[in-house]
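Residues per chain, in single letters:
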Amino acid sequence: MIARLKSAIPALIPFVVLTVSVELAVRQGWLKSYLVPPPSAVFHALIESRAELFGAFATTSASALLGFLLSTIGGIAIAVFLSSSRAIQRAFYPYAVFFQTVPIIAIAPLLVIWFGYGMRTVVASAFVVSIFPVIANTLTGILSTEPALRDLFRLYGASTWTTLFKLRFPAALPQILTGLRVASGLAVIGAIVGEFIGGQGLGSVVDVARTQQRVDKVFAAVLLASVLGLALFGLINLVSYLTLRRWHASEQ
Amino acid sequence: MRKVFPPVAVIEHFDLAVPSGEFLAILGPSGCGKSTLLRIIARLLAPDGGSVSIDPDADRFQTSFVFQDAHLLPWRAVLDNVALPLELMGVAQEERHGRARVALREVDLTEAEDRYPAQLSGGMRMRVSLARALVAAPRLLLLDEPFAALDEITRFRLDLRLRELWIERGMTVVFVTHSISEAVFLANRAVVLARRGGRIKLDHTLELPERNEDLRLDPRYGAEMKTLLAAMEEE
């Protein structure tokens, strides 16, 4: 555990250097404080508006997490469906790719029309942007099971479902987790975009603070949004460590 | 029997009868269709013409297969890897663990049951793979160049052990290899395949005394090596 904490130190150095440099640059007048607020002002905004910001943080967390869970379940289910035959894959996979290329910012107003203002729109937005990497990675993982192991399962009369749960899923786990890592970051982005258009949370705090010229508060909200993304990412890493440490090279 | 992977007929006019309890080695150059043949016997692949019959054909799970590499499930400890065939056949956990321990004892790996494949040497992994094949008590054991990737000494020990297991269990063994010395050492009968089409160039019964460390010094061993080598080289 101590070793793990120590390994985080190198990542903190750039953060500290950047924070101190920006603070100095603003105080020296090299950067305009209405464009980039001094870190001390951001910290002050965090304290001053803490009730509002942390409430927004909780709301955004709930929406992002829910959207992420839905895309985990939905993405894996769709990947299993797509993997069932080459014909199904040829028929449906192009649409999954097409779905991915539609910009969320363009369809977000549609989501508001369908789901109304509020959490449902935000969750839908988080879901839409984060499902594709789960589908793509799970599908690749499921399809790249070693042929010899598939033969082994067939030899002893394993059913399709048994092979899926005892062979294909565990074998695909490293890839599934890679998909979830990407999806966790995207789910936070999707939730913020959803809140910009039709919801409450960090996204709407940013939007309102922007119109009030409160750059410090915008930064404080953005900082909290990235904390949320990091926390989700860390959660996936923890799951990855716990499930893969005994057998996969990536966690040894 | 016949098998075509368009545009090549990998196996054409192949016909062979293997009596129960025999140790048969199938020898041939790379790409001659040895592995395809083995997969057809295991019914993992359907022939395009002809058939494979196993007599009696009552038991579904009479055949076990050992691959070129160990092919263990890396997320499972050794014991659960060995017990896998029984698990797939629906045997209860307690019984399958018991039988897996017996199989592990047969390959001298009792101490490794809680370890993971990543923690084992190549030779140990292959022994786990062999135990996994034995746990289902097969009447027919198919091996596809199983020890090819191992060092000479490990390979020799495993060859000896395999031969002992064959005698103890009285099962039929079909062993595919491209090593003439391994075929002569292990088998009672050797079949040499042609480079193309799976034609049998030589079907030869090996008349050798007890297989042990001294066998390789025996002139009869050298004579058998020479016979098979001549058949391999002939076009």
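Conventions and cut-offs
- Residues numbered from 1 in each chain as written.
- Chains lettered and ligands numbered in written order.
- Predicted model: local features only at pLDDT ≥ 70, side-chain atom pairs only at ≥ 80, totals over all residues.
- Helix = DSSP H or I, 4+ residues; strand = E, 2+ residues; numbered from the N terminus.
- Expected span 1.5 Å × (residues − 1).
- Buried ≥ 20, exposed ≤ 12 C-beta atoms within 10 Å, placed from the backbone.
- Axes fitted to C-alpha atoms, helices over the stretch in contact; angles between N-to-C directions.
- Left-handed = near helix turned anticlockwise from the far one by under 90°.
- Contact = placed C-beta atoms within 7 Å.
- Nonpolar A, V, L, I, M, F, W, Y, C, P; charged D, E, K, R; others polar.
- Core = buried A, V, L, I, M, F, W, Y, C linked by C-beta atoms within 7 Å.
- Domains from an automatic or database assignment.
- Pairing = 2+ DSSP bridges.

## What to know about helix H2 (residues 9–27) of chain A
Structural remark: α-helix, 3.6 residues per turn; residues separated by three or four positions point the same way.
Residue and element names in this part refer to chain A.
Phase 1: An ideal rise of 1.5 Å per residue puts 27 Å on 19 residues; H2 measures up with 27 Å between its terminal C-alpha atoms.
Phase 2: For H2, the buried fraction is low: zero of the 19 residues fall into the buried class.
Phase 3: Just beyond H2, the residue with positive phi is Gly-29, at close to 80°.

## Quick notes on the packing of helix H6 (residues 104–115) of chain A against helix H7 (residues 119–143) of chain A
Residues and elements named next belong to chain A.
Phase 1: Interhelical geometry of H6 versus H7 gives an angle of 140° and a closest axis separation of 9 Å. Crossing angle aside, the handedness with which H6 passes H7 is right-handed. Residues Ile-104, Ala-108, Leu-111, Val-112 and Phe-115 of H6 form the contact with H7, whose own contacting residues are Arg-120, Thr-121, Ala-124, Ser-125, Val-128 and Val-129.
Phase 2: The class makeup of the residues in the contact of H6 with H7 is eight nonpolar, two polar and one charged.

## A look at the nonpolar core
Phase 1: Grouped together as the largest cluster of nonpolar side chains are 125 residues, with contacts concentrated most on Ala-221 of chain A together with Leu-27, Val-82 and Ala-131 of chain B.
Phase 2: Here this core takes 15 residues from H7 of chain A, the largest share from any one element.
Phase 3: Both domains that meet at this core, namely domain 1 (3–59 + 139–233) and domain 2 (73–137) of chain B, each give it at least three residues.
Phase 4: When near neighbours in sequence (up to four residues on either side) are disregarded, Leu-27 of chain B contacts Thr-177, His-178, Ile-180, Ala-183, Ala-190, Val-191, Val-192, Leu-193, Leu-228 and Met-232 of chain B.

## Notes on the sheet that holds strand S8 (residues 200–205) of chain B
Residues and elements named next belong to chain B.
Phase 1: Reading across from one edge, S4-S5-S6-S3-S7-S8 is the order of the six strands in this open sheet, with mixed pairing throughout. Among the strands making up the open sheet, the edge pair consists of strand S4 (63–66) and S8. Taken over all neighbouring pairs, the strand axes of this sheet differ in orientation by 15° on average, direction set aside.
Phase 2: Bridge count between S4 and strand S5 (residues 140–144): four bridges; the pairing is parallel. Counterpart to Phe-65 in the pairing with S5 is Leu-142.
Phase 3: Strand contacts of helix H5 (residues 122–134): S4 and S5, with the helix running at about 170° to S4, the strand carrying the most contacts.

## Examining the packing of helix H4 (residues 50–83) of chain A against helix H11 (residues 215–244) of chain A
Residue and element names in this part refer to chain A.
Phase 1: Where H4 contacts H11, the axes come no closer than 10 Å and their chain directions differ by 35°. The two elements H4 and H11 cross, and the hand of that crossing is right-handed. Within the contact between the two elements, H4 uses Leu-53, Ala-56, Phe-57, Thr-60, Ser-61, Ala-64 and Phe-68 and H11 uses Ala-220, Ala-221, Leu-224, Ala-225, Leu-228 and Leu-232.
Phase 2: Of the residues contributing to the contact of H4 with H11, the split by class is 11 nonpolar, two polar and no charged.

## Focus on the interface of chain B and chain A
Phase 1: Taken together, the contact between chain B and chain A spans 15 residues of the former and 15 residues of the latter.
Phase 2: Among the secondary structure elements, those contributing two or more residues to the side of chain B that touches chain A are S4 and helix H3 (84–88) of chain B.
Phase 3: Here the side of chain B that touches chain A is composed, by residue class, of 12 nonpolar, two polar and one charged.

## Let's talk about the domain arrangement of chain B
All names here are of chain B.
Phase 1: Along its sequence, chain B is carved into domain 1 (3–59 + 139–233) and domain 2 (73–137).
Phase 2: Residue-level contacts link nine residues of domain 1 with eight residues of domain 2.
Phase 3: With four residues, the single largest contributor to the side of domain 1 that touches domain 2 is helix H6 (residues 152–169).

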